[in-house]
Amino acid sequence: MKRSIVIAGNWKMHKTNSEAQQLANQIRMKTIDITKTRMIICPPFTALAPVYDIIKDSAIHLGAQNMFWEKEGAFTGEISAGMLKSTGADYVIIGHSERRQYFGETEETVNKKIKTALENGLKPIVCVGETLEQREENITLKVIGKQIRGAFDGLTPEDLQNVIVAYEPVWAIGTGKTATPEQAQEVHFEIRKLIAELLGRETAEATVIQYGGSVKPGNAESLLSQADIDGALVGGACLKADSFAEIIHIAEKLKK
Ligand code: PEP
């Protein structure tokens, strides 16, 4: 089964609107030759529409970093799926570990957000991952299994066609520590196996599973060469056009 390679950049809480437009423009210029790799950039909410203006005629897709599941109402500070769509976004990161850790995101809220995103034509990038303590306790696969089951509760194989999974070990995010390609591959393989159990083999084979956690130009090739690693969710290294574009070029060259 041929899966696309997807490289997404999570800008987190970085960049004013003018800085965001500048970075988006640099990324656009440096990836003009990319034809096979799917590219997504996820600026903060405030910069979504301004960044869309820069990339709308390019192959780069726009994604948001979070959303709320209600359509509208008295939910101060929240952003709906419809609002995201109106900026030009077609992806949304759901359940990033920073949201689980600092903002009380649970398996239930992740599940609600995924369903709402899909109902509104947004493709969720669903993040799962274990903490260092959980890895040391040898419960990585149990933790990931619970997160995946919770996230995908009530979803159909058709829904999964529009879902990307990102395996992001929490201990590797923003720490400079990367899972070895073998460690990452082991978990990716298990995630695919679980998706097969839940939604069928065909669905599992078609699901894009990204790795995230200190991906840089120097380690991208060894990670992306693994059989079940279909792309990367990049944090720190996506804030510089050079390093983000380099990772994309590595993916493009490796296209399975
Ligand atoms: C992330 O936050 O999704 C991430 C992978 O960050 P970093 O690349 O900085 O570890």
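The text that follows walks through the structure, step by step, so that each part is easy to find. Worth saying up front: this structure is predicted, and the values here are computed from it rather than measured.

1. Observations concerning the overall build of the chain
(1) Moving on: Summing up its helical and strand segments, the chain has 12 helices and eight strands in all.
(2) Moving on: Projected onto its principal axes, the C-alpha positions of the chain cover 45 × 45 × 35 Å.
(3) Moving on: Out of the 256 residues in the chain, the part that is buried amounts to 52%.
(4) Moving on: Considering only contacts in the chain between residues 6 or more positions apart, those separated by 24 or more positions represent 73%.

2. Quick word on the sheet that holds strand β4 (residues 91-94)
(1) Moving on: Reading around the barrel, the eight strands line up as β1-β2-β3-β4-β5-β6-β7-β8 and close back on themselves, with parallel pairing between neighbours. Strand-to-strand, the axes of this sheet are offset by a mean angle of 25 degrees, without reference to chain direction.
(2) Moving on: The sheet contact formed by strand β5 (residues 123-128) and strand β6 (residues 164-167) spans four bridges and is parallel. Within β6, the position partnered with V128 by the bridge is Y167.
(3) Moving on: Its contacts with the sheet place helix α12 (residues 241-254) against β1 (6-10), β2 (38-42) and β8 (231-234), and it is angled at close to 165 degrees to β1.

3. Topic: the site of the ligand
(1) Moving on: Near the ligand you find 14 residues, and of these K12, H96, E168, G174 and S214 are the closest.
(2) Moving on: Between the ligand and G235, the relevant distance is 2.8 Å, taken from an oxygen atom to a main-chain nitrogen or oxygen of the residue.
(3) Moving on: Notes on the ligand: free accessible area 300 Å², of which the protein chains cover 96%.

4. Let's talk about the packing of aromatic side chains
(1) Moving on: Counted by the stated rule, this structure contains four aromatic pairs.
(2) Moving on: Here the aromatic residues F68, W69 and F75 are joined through ring pairs into a cluster of three or more.
(3) Moving on: The ring centre of F103 lies 4.3 Å from the NZ or CZ of R99, which sits over that ring.

5. Here's the deal with α12
(1) Moving on: Under the 1.5 Å per step criterion, the end-to-end length of α12 is 20 Å for 14 residues, consistent within 8% with the ideal 20 Å.
(2) Moving on: A241, S243, F244, A245, I247, I248, I250, A251 and E252 are the residues of α12 that are buried.
(3) Moving on: The inward-facing, buried residues of α12 abut β1, α1 (17-30), β2, α11 (217-224) and β8.

6. Let's talk about the side chain of S80
(1) Moving on: For S80, the position within the fold is in the loop between β3 (60-64) and α3 (81-87).
(2) Moving on: The class for S80 is buried, based on a relative accessible area of 7%.
(3) Moving on: Those residues within four positions of S80 in sequence are excluded, and the remaining contacts are F68, E70 and K71.

7. Considering the nonpolar core
(1) Moving on: Within the largest apolar cluster, 67 residues are counted, with the highest numbers of intra-cluster contacts made by I7, W11, F152 and I191.
(2) Moving on: Contact partners of F152, with chain neighbours within four places excluded, come to N111, L160, V163, V165, I195 and L199.
(3) Moving on: Within the second largest apolar cluster, 12 residues are counted, among which are C42, Y91, I125 and I164.

8. Things to note about unusual backbone geometry
(1) Moving on: A positive phi angle, close to 90 degrees, is found at K15, a residue other than glycine.
(2) Moving on: Relative to the helices and strands, K15 resides in the loop between β1 and α1.
(3) Moving on: Residue K15 is classed as partly exposed on the basis of its relative accessible area of 28%.

9. Let's talk about the packing of helix α7 (residues 140-152) against helix α9 (residues 181-199)
(1) Moving on: As a packed pair, α7 and α9 sit with axes 10 Å apart at the nearest point and diverge in direction by 40 degrees. Overall, the two elements α7 and α9 adopt an arrangement that is oblique. The handedness of the crossing between α7 and α9 is right-handed. Along the contact surface, α7 presents T140, L141, I144, G145, I148, R149 and F152, while α9 presents V187, E190, I191, L194, I195, E197, L198 and L199.
(2) Moving on: A class-by-class count of the residues in the contact of α7 with α9 yields 10 nonpolar, two polar and three charged.

Cut-offs applied
Residues numbered from 1 in each chain as written. Predicted model: local features only at pLDDT ≥ 70, side-chain atom pairs only at ≥ 80, totals over all residues. Heavy atoms only, no water. Helix = DSSP H or I, 4+ residues; strand = E, 2+ residues; numbered from the N terminus. Buried < 20%, exposed > 50% of the residue type's maximum accessible area, 1.4 Å probe, protein only. Contact = heavy atoms within 4.5 Å. Pairing = 2+ DSSP bridges. Axes fitted to C-alpha atoms, helices over the stretch in contact; angles between N-to-C directions. Near = heavy atom within 4 Å. Polar contact = N/O pair within 3.5 Å; in protein donor to acceptor, adjacent residues only side chain to side chain. Areas by Shrake-Rupley, 256 points an atom, 1.4 Å probe, with all protein chains shown as cover. Phe/Tyr/Trp six-rings, centres within 6.5 Å; stacked < 30°, edge-to-face > 60°. Lys NZ or Arg CZ within 6 Å of the ring centre and 35° of its normal. Expected span 1.5 Å × (residues − 1). Core = buried A, V, L, I, M, F, W, Y, C linked by side-chain atoms within 4.5 Å. Parallel < 35°, antiparallel > 145°, perpendicular 65-115°, else oblique. Left-handed = near helix turned anticlockwise from the far one by under 90°. Nonpolar A, V, L, I, M, F, W, Y, C, P; charged D, E, K, R; others polar.

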